[in-house]
Amino acid sequence: MIRYKLITVFDGTNYSGWQVQPNNNTIQAELQKAFAIALNQKVHVTGCGRTDAGVHAKGHVSHVTLDEKVDSGKLLYKLAGLLPSDIRVISLEEMSIDFHARYGAHSKTYHYHLHLSRHLSPFQRHYCHQVFADVDLDLMQKAASMFVGEHDFTSFAHQASQGCAKHAPVKTIYKSHFIEVEEGAIFEVQGSGFLHKMVRNMVGTLIDIGRGKIEFEKLSKIMEGKDRRLAGKTAPPQGLFLMEVQYGNPG
């Protein structure tokens, strides 16, 4: 048995997220279909985690386990011809059999793109969130820094009574800050793990703080409250990119 690590980039606009779903088109389903044709065998692609509908990736990691070695270059070429044009496997690397795309990851890095100008090119509309109100980016930067460290993020989780949010709501955030760019800003966050829609809920709360809808001083109480109703609205999916998944020892 040979295990391969895949790095995949995708435009999530036309997909219902990563995980296979009945009656919906997903990234995992497209990858498994392409592998099945390329190798003439059923292949299960195990991802590093789920992404929501409309979310993109520049460094999504997954793995496959095959019966025998393959020519990585030839397989990548075949996959490129079989996959839709908005999904590409850019790396296929042989790993030890105990490598696991999900359980072996120590952290993930996301970028969320905010467009803060009044005018948005139609060619950007699927890749950022346009904020129409004026925001205090310095205040948002200050608020973002408060996420760094180990915290219970129940207030930023959808379906807090289910799954990971119920059993493991405490996560460690290593980076949380804004990078200013032309006509906007990118929220960069790196953490040990993320709850369902956690990044988008963090961003929505930071925007509300920047707009003055939520007082900066209330952020600590929101975090301590462990109640989703206390935080801001969920930012839309199209601004979110999974950038990188980190393996090995943290730091």
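Residues numbered from 1 in each chain as written. Predicted model: local features only at pLDDT ≥ 70, side-chain atom pairs only at ≥ 80, totals over all residues. Heavy atoms only, no water.

Asks: I'd like a rundown of the packing of aromatic side chains, residues and numbers included.
Replies: Evaluation of the coordinates by the stated rule reveals six aromatic pairs. Aromatic side chains Tyr 110 and Phe 194 sit 5.1 Å apart centroid to centroid with 85° between the ring planes, which places their arrangement in the edge-to-face category. Here the residue Tyr 110 occupies a position in strand S5 (residues 105–115), and Phe 194 occupies one in the loop between strand S9 (184–191) and helix H5 (198–211), the gap between them amounting to 84 residues. Of the two residues, Tyr 110 and Phe 194, neither departs from the other in class, the shared state being buried. What links up through ring pairs into an aromatic cluster is the set Phe 147, Phe 153 and Phe 156. (Phe/Tyr/Trp six-rings, centres within 6.5 Å; stacked < 30°, edge-to-face > 60°. Helix = DSSP H or I, 4+ residues; strand = E, 2+ residues; numbered from the N terminus. Buried < 20%, exposed > 50% of the residue type's maximum accessible area, 1.4 Å probe, protein only.)

Asks: Describe in detail the layout of surface pockets, supporting the description with residues and values.
Replies: In this structure, the largest pocket encloses a volume near 1,200 Å³. The leading source of residues in the lining of the largest pocket is S5, at five residues. Taken together, the residues of the lining of the largest pocket break down into 16 nonpolar, 19 polar and seven charged. When its volume is computed, the second largest pocket comes out at roughly 190 Å³. Lining the second largest pocket are 13 residues, with His 129, Val 131, Ile 207, Arg 211 and Lys 233 positioned closest to its centre. Counting residues per element, the ones that place at least two in the lining of the second largest pocket are strand S6 (129–130) and H5. Sort the elements by how many residues they give to the lining of the second largest pocket and H5 lands first, with four residues. Broken down by class, the residue content of the lining of the second largest pocket amounts to six nonpolar, four polar and three charged. (1 Å grid on protein atoms, 1.4 Å probe; cavity = no way out; pocket = protein on both sides within 12 Å on 5 of 7 lines; lining within 4 Å. Points joined across faces, edges and corners; volume = space filled by probe spheres on them. Nonpolar A, V, L, I, M, F, W, Y, C, P; charged D, E, K, R; others polar.)

Asks: Account for the nonpolar core, naming residues and giving values.
Replies: Residues Phe 156, Phe 178 and Phe 187 are the most contacted members of the largest nonpolar core, which totals 64 residues. Setting aside anything within four residues of it in sequence, one finds Phe 156 in contact with Phe 147, His 196, Lys 197, Met 198, Asn 201, Met 202, Thr 205, Leu 219, Ile 222, Met 223, Arg 228 and Ala 231. (Core = buried A, V, L, I, M, F, W, Y, C linked by side-chain atoms within 4.5 Å. Contact = heavy atoms within 4.5 Å.)

Asks: Account for the packing of helix H3 (residues 137–144) against H5, naming residues and giving values.
Replies: Between two packed helices, both the angle of their axes relative to each other and the distance between the axes serve to describe the pair. For the pair H3 and H5, interaxial distance at closest approach is 8 Å and the crossing angle is 140°. Accordingly, the angle class assigned to the pair H3 and H5 is oblique. Handedness of the H3/H5 crossing: right-handed. Seen from H3, the contacting residues are Leu 139, Met 140, Ala 143 and Ala 144; seen from H5, they are Leu 206, Ile 207, Ile 209 and Gly 210. The residue inventory of the contact of H3 with H5, partitioned by class, reads seven nonpolar, one polar and no charged. (Axes fitted to C-alpha atoms, helices over the stretch in contact; angles between N-to-C directions. Parallel < 35°, antiparallel > 145°, perpendicular 65-115°, else oblique. Left-handed = near helix turned anticlockwise from the far one by under 90°.)

Asks: Give a description of the pattern of salt bridges that names residues and reports values.
Replies: All chains considered together, the criterion is met by six salt bridges. As a salt-bridge pair, Arg 200 and Asp 52 come within 3.3 Å of each other at their nearest N and O atoms. One end of the pair, Arg 200, is in helix H5; the other, Asp 52, is in the loop between strand S2 (46–47) and strand S3 (56–66), and 148 residues separate them in sequence. Ionic pairing is found between Asp 134 and Arg 118, a salt bridge with its closest N-O pair at 3.2 Å. With Asp 134 in the loop between S6 and H3 and Arg 118 in the loop between S5 and S6, this residue pair connects regions lying 16 residues apart in the sequence. According to the relative accessible area criterion, Arg 118 is partly exposed, its value standing at 47%. (Salt bridge = Lys/Arg side-chain N within 4 Å of Asp/Glu carboxyl O.)

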